[in-house]
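Here is how the chains run, residue by residue.
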Amino acid sequence: MLTNFNDMLQLARKNHCAIPHFNINNLEFTKFILEKCQELNVPVILGVSINAAQYMGGWSVPVAFTKALIRELNLTIPICLHVDHGTKEECLKAITAGFTSVMIDSSSLSLQDNIQITKELVNYAHQYNVSVEGEIGEIKECYKGNFPTNLNECLKYYEETKVDALAPAIGNAHGIYHKNPTLNFNLIEELSVRINIPLVLHGASGISSENLKKLIKLGITKININTDLLLAWNNGLREFIKTNKDVYDPRQIISSGKQNVQEKIAELIETFETKSVT
Ligand code: G3H
Ligand code: ZN
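All residue numbers refer to position in the chain's written sequence, counted from 1. Following the order in which they are written, the chains are lettered starting with A and the ligands numbered starting with 1. Where totals are concerned, whole chains, interfaces and linings use all residues; where local detail is concerned, this predicted model gives features only for residues with pLDDT of at least 70, and gives and counts side-chain atom pairs only at 80 or more. Hydrogens and waters are ignored; side-chain quantities use all the structure's heavy atoms.

Draft legend 1. Seen up close, the packing of aromatic side chains. Any two of the Phe, Tyr and Trp rings considered here, Trp counted by its six-membered ring, make a pair once their centres fall within 6.5 Å; the pair's planes then place it as stacked at under 30 degrees, edge-to-face at over 60, or tilted in between. Taken as a whole, this structure holds 4 aromatic pairs when the rule is applied. When the ring of F29 is compared with that of F32, the centres are 6.0 Å apart and the planes differ by 45°; the resulting orientation is tilted. Of the two residues, F29 and F32 both sit in helix α2 (residues 27–40), 3 residues apart, roughly one turn of that helix. Note on accessibility: F29 and F32 belong to one class, buried. When the ring of W59 is compared with that of F99, the centres are 5.2 Å apart and the planes differ by 90°; the resulting orientation is edge-to-face. Of this pair, W59 sits in the loop between α3 (50–56) and α4 (60–72) while F99 sits in the loop between α5 (88–97) and β4 (101–104), and the two are 40 residues apart along the sequence. Starting at the N terminus, helices and strands are each numbered in turn, a helix being any DSSP run of H or I of at least four residues and a strand any DSSP run of E of at least two. Using a 1.4 Å probe on the protein chains alone, a residue whose accessible area is under 20% of its type maximum counts as buried, one over 50% counts as exposed, and one in between counts as partly exposed.

Draft legend 2. Quick look at the coordination of the zinc ion (ligand 2). For Na, K and Ca the donor cut-off is 3.2 Å, and for all other metals it is 2.8 Å, counting N, O and S atoms only; because water is absent from this set, sites may look incomplete. In the first shell of the zinc ion (ligand 2), the protein supplies H85 (NE2), H174 (NE2) and H202 (ND1), at 2.0 to 2.1 Å from the metal. Sequence spacing of the donors to the zinc ion (ligand 2): H-x88-H-x27-H. A residue pair is termed long-range when its members are at least 10 positions apart, and H85 in strand β3 (residues 79–86) and H202 in the loop between β7 (199–201) and α9 (209–218) qualify at 117 residues. Each member of the pair, H85 as well as H202, is classed as buried.

Printed below as a string of structure tokens:
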């Protein structure tokens, strides 16, 4: 069964560990991730961006195949299917399609408009037991620069929207970091004292495990990873193609990155100290 993220993140908050959010783009990645998380017996959040949903054919496609995998593979871990960086309109479509959690990203708007749109979505989503993550400040691609937020903005946004989890921009960015990001650790520390909800780290690929551990200690409980898994898969696949020029079976080619992806997942889960569920 798919769940929202509330129980898993509140538990992680209490246990001072983090739950992994891994982005999915297709059936194969979803299966690689779920198999490994089941083996490690840890909860997982599967993130689907608007582009990924379009690529797969629409929001109902990942809902259908994730539910089918849960059934066919007898998965028992808590699994949350979550919209990643959605607009209000796309989040509504995803909820209708069966998503159990959404992230609304109206962070490029003014603070007041961001609050207003987020609040409308929270009111709607909560009627269906769907959890909502909101973004404050702007977390963009690495090459687009940095738009961090501050304590007052975060408190105002949280007080007025009542999101279930908050993703503040603290100097983090998506994709491959070309230099080490300067992260606002203080903001995470202050926020986790001032507000009682899980805090989310986006753009976590490429952040050192030392800094990830430090952020978890300060209050980060959901960590978003996309690029790290894509790079791991790419490395495996390119190596395979180089040495297996005659293979044309897509199942073999796509699966050639599986071991790398699953090793990366295990490494990250160890860093996050994600607690097993029994
Ligand atoms: O929303 C997605 C995440 O923030 C992933 O970022 O690709 O840098 O790991 P990443
Ligand atoms: Zn993100």
